[in-house]
Amino acid sequence: MQLVVGKIGRAHGIRGDVSVEVRTDEPELRLGPGAVLLTDPASAGPLTVESGKVHSGRLLLRFAGVKDRNGAEALRGTILIAEVDPEERPDDPEEYYDHQLIGLDVVLLDGTLVGELTEVVHLPYQDLLTVKKPDGTEALVPFVSRIVPTIDLENQRAVIDPPPGLIDPESAEVALGESAPGAESAEKSADSANSADSADSAEESQ
């Protein structure tokens, strides 16, 4: 099983270092020294990680055989791919590899089918799950425990508890258009108070 673990960015310095956009939750394992990576395009690799360090919040890697800035710049935009055993699981039971999630049925808490999980989008601040709905449209679901409380690999499904409007934008519009609980009672109370004030004023004028 092949797993995308990074994308090479700009060259850094003059000794062949490159910045890498990390796309794995296990960079120490997948992008550590000695790791051999396939590439897209294939002609750029395979690449062997020679050394790595974090500089100003960015991961910098140096690959064997890449000795200068020109060689590093030539790799810019290259996708880094690791070979992963399909049966392998992350050490943390709350983490999952992308290939374990893609293809899962996405259902609500009551079992209602929402669609199929087609992609895991890795962003700097959080991961998103792309869900393809039966009508062909897509929804992006933040991959956080509050919204995705259960990943059931045995039954091949992801259970979600989305806020109004996340899956169906029209439901958010309906929710916004509804009066808040107690609003009607409050309006009636206000009307009663106004009537009482008017009555008091009438008595004082007499």
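For the structure, see preceding data.
Owing to the predicted nature of the structure, the values given are computational and were not obtained by experimental measurement.

A closer look at the overall build of the protein chain
The secondary structure content of the protein chain amounts to five helices and twelve strands. Sorting the 206 residues of the protein chain into buried and exposed places 31% on the buried side. Across the protein chain, every contact between residues at least 6 apart in sequence was considered, and the portion connecting residues at least 24 apart equals 47%. Summed over its atoms, the accessible surface of the protein chain is roughly 12700 Å², and 49% of this surface lies on carbon and sulfur atoms.

Some details on the pairing of strand E7 (residues 105–108)
Working note: regular strand, side chains alternate between the two faces of the sheet. Relative to strand E8 (residues 113–122), E7 runs antiparallel, the two being bridged by three bridges. Across the sheet, residue Asp-105 finds its bridge partner in E8, namely Glu-116. Relative to strand E12 (residues 157–160), E7 is paired through four bridges, and the arrangement is parallel. Following the sheet pairing, Val-106 is matched in E12 by Ala-158.

With respect to the sheet that holds strand E2 (residues 17–22)
In space, the six strands of this closed barrel follow the order E1-E2-E5-E4-E3-E6, with antiparallel pairing throughout. Going from strand to strand, the sheet's axes swing by 50° on average, the running direction of each strand aside. Strand direction decides the pairing type here: strand E3 (residues 36–40) and strand E6 (residues 79–83), joined by three bridges, are antiparallel. Residue pairing in the sheet places Asp-40 in a bridge with Ile-79 of E6.

Re unusual backbone geometry
Omega for the peptide link from Asp-40 to Pro-41 comes to 10°, which places this bond in the cis form. Summarising the element assignment, Pro-41 is placed in the loop between E3 and strand E4 (47–55). A cis amide bond links Gly-45 to the next residue, Pro-46, at an omega of 5°. With respect to the secondary-structure elements, Pro-46 resides in the loop between E3 and E4. Positive phi outside glycine occurs at Ser-56, with the angle close to 55°.

Considering the pattern of salt bridges
Scanning the entire structure with this criterion turns up five salt bridges. Here Glu-21 and Arg-23 are joined by a salt bridge, their closest N and O atoms 3.0 Å apart. The class for Glu-21 is partly exposed, based on a relative accessible area of 40%. A relative accessible area of 27% places Arg-23 in the partly exposed class. The partner of Lys-67 in a salt bridge is Glu-50, with the nearest N and O atoms 3.9 Å apart. You can see Lys-67 sitting in the loop between strand E5 (58–63) and helix H2 (69–74) and its partner Glu-50 sitting in strand E4, a full 17 residues away along the chain.

What about the nonpolar core?
The nonpolar side chains of a soluble globular protein tend to be buried, and buried together. Counting 21 residues, the largest nonpolar core has Leu-31, Leu-37, Leu-61, Phe-63 and Leu-80 as its most contacted members. Of all the secondary-structure elements, those providing two or more residues to this core are strand E1 (2–12), E2, E4, E5 and E6. Per-element accounting of this core gives the leading share, four residues, to E1. Setting aside anything within four residues of it in sequence, one finds Leu-61 in contact with Gly-16, Asp-17, Val-18, Val-20, Leu-31, Val-49, Ser-51 and Gly-52. Tyr-96, Leu-129, Ala-139 and Val-148 belong to the second-largest nonpolar core, a separate cluster that totals 17 residues.

What counts, and where the lines are drawn
- Residues numbered from 1 in each chain as written.
- Predicted model: local features only at pLDDT ≥ 70, side-chain atom pairs only at ≥ 80, totals over all residues.
- Heavy atoms only, no water.
- Helix = DSSP H or I, 4+ residues; strand = E, 2+ residues; numbered from the N terminus.
- Buried < 20%, exposed > 50% of the residue type's maximum accessible area, 1.4 Å probe, protein only.
- Contact = heavy atoms within 4.5 Å.
- Areas by Shrake-Rupley, 256 points an atom, 1.4 Å probe, with all protein chains shown as cover.
- Pairing = 2+ DSSP bridges.
- Axes fitted to C-alpha atoms, helices over the stretch in contact; angles between N-to-C directions.
- Salt bridge = Lys/Arg side-chain N within 4 Å of Asp/Glu carboxyl O.
- Core = buried A, V, L, I, M, F, W, Y, C linked by side-chain atoms within 4.5 Å.

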